[in-house]
Amino acid sequence: MLGLIVSIIMAIIIGFIGDALVRADMPGGVLGSMVAGFVGAWLGHFLFGHLGPDIAGFAIIPAIIGAAVVVFLVGLLFRGVRNAN
């Protein structure tokens, strides 16, 4: 149970860092950042493997890069939807 809580906290932190790097507004607030953190960690691990320190099962450097990519893509998608209306 504690491992799950730590993983969720790490996903939120990674999502916030990815959002700060891209300077886009991730929709969904904390929940959106958590999703970006989890998806970014998966994407970063898939693209870059296991680089750098590991905290709570997250390879930090690839997870942050992956989260930044996810936040950027989601920001583009939502910006396009807002402009279409």
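Placed above this text is the structure.
Owing to the predicted nature of the structure, the values given are computational and were not obtained by experimental measurement.

(A) Representation of the nonpolar core. Among the nonpolar cores identified, the biggest contains 11 residues, and these are Met10, Ala11, Ile12, Ile14, Met34, Ala41, Phe58, Ile60, Ala63, Ile64 and Ala67. Contributions of two or more residues to this core are made by helix H1 (2–22), helix H2 (29–48) and helix H3 (60–84). If sequence neighbours within four positions are ignored, Ile60 has contacts with Met10, Ile14, Leu51, Pro53 and Ile55. Counting residues in hydrophobic clusters, the runner-up holds six residues, among them Ala24, Met26, Ala36 and Val71.

(B) The arrangement of H2 in detail. Taking 1.5 Å of rise per residue, 20 residues should cover 28 Å, and H2 covers 27 Å from first to last C-alpha, within 8% of that figure. Buried within H2 are the following residues: Gly32, Ser33, Met34, Ala36, Gly37, Gly40, Ala41, Leu43 and Gly44. Positive backbone phi, at 75°, marks Gly49, one or two positions downstream of H2.

(C) Fine view of H1. Between its first and last C-alpha atoms H1 spans 30 Å; for 21 residues at 1.5 Å apiece the expected length is 30 Å, and the two agree. Residues of H1 that are buried: Ser7, Met10, Ala11, Ile12, Ile14, Gly15, Gly18 and Asp19.

(D) Geometry of the environment of Ile8. Within the secondary structure, Ile8 sits in helix H1. Exposure remark for Ile8: the relative accessible area of 29% places this residue in the partly exposed category. When the C-alpha atoms of Ile8 and Leu76 are compared, they prove to be 25 Å apart, with 68 residues separating the residues in sequence. Excluding residues that lie within four positions of it along the chain, Ile8 makes contacts with Met34 and Phe38.

Calculation criteria
- Position numbers for residues count from 1 along each chain, tracking the sequence in the order it is written.
- The predicted origin of the model limits local features to residues at a pLDDT of at least 70 and limits the giving and counting of side-chain atom pairs to 80 or more, whereas totals for whole chains, interfaces and linings rest on all residues.
- Side-chain measures here rest on the full set of heavy atoms in the structure, leaving out hydrogens and waters.
- Buried Ala, Val, Leu, Ile, Met, Phe, Trp, Tyr and Cys residues form a nonpolar core when they are joined through side-chain atoms within 4.5 Å.
- Burial here depends on accessible area, computed with a 1.4 Å probe over protein chains only, as a share of the maximum for the residue type. Under 20% is buried, over 50% is exposed, and the range in between is partly exposed.
- Numbering of helices and strands starts at the N terminus; helices are DSSP runs of H or I of at least 4 residues and strands are runs of E of at least 2.
- Contacts: residue pairs with any heavy atoms within 4.5 Å of one another.
- The span expected for a helix works out to 1.5 Å for each residue beyond the first.

The values are spatial; any link to function lies outside them.
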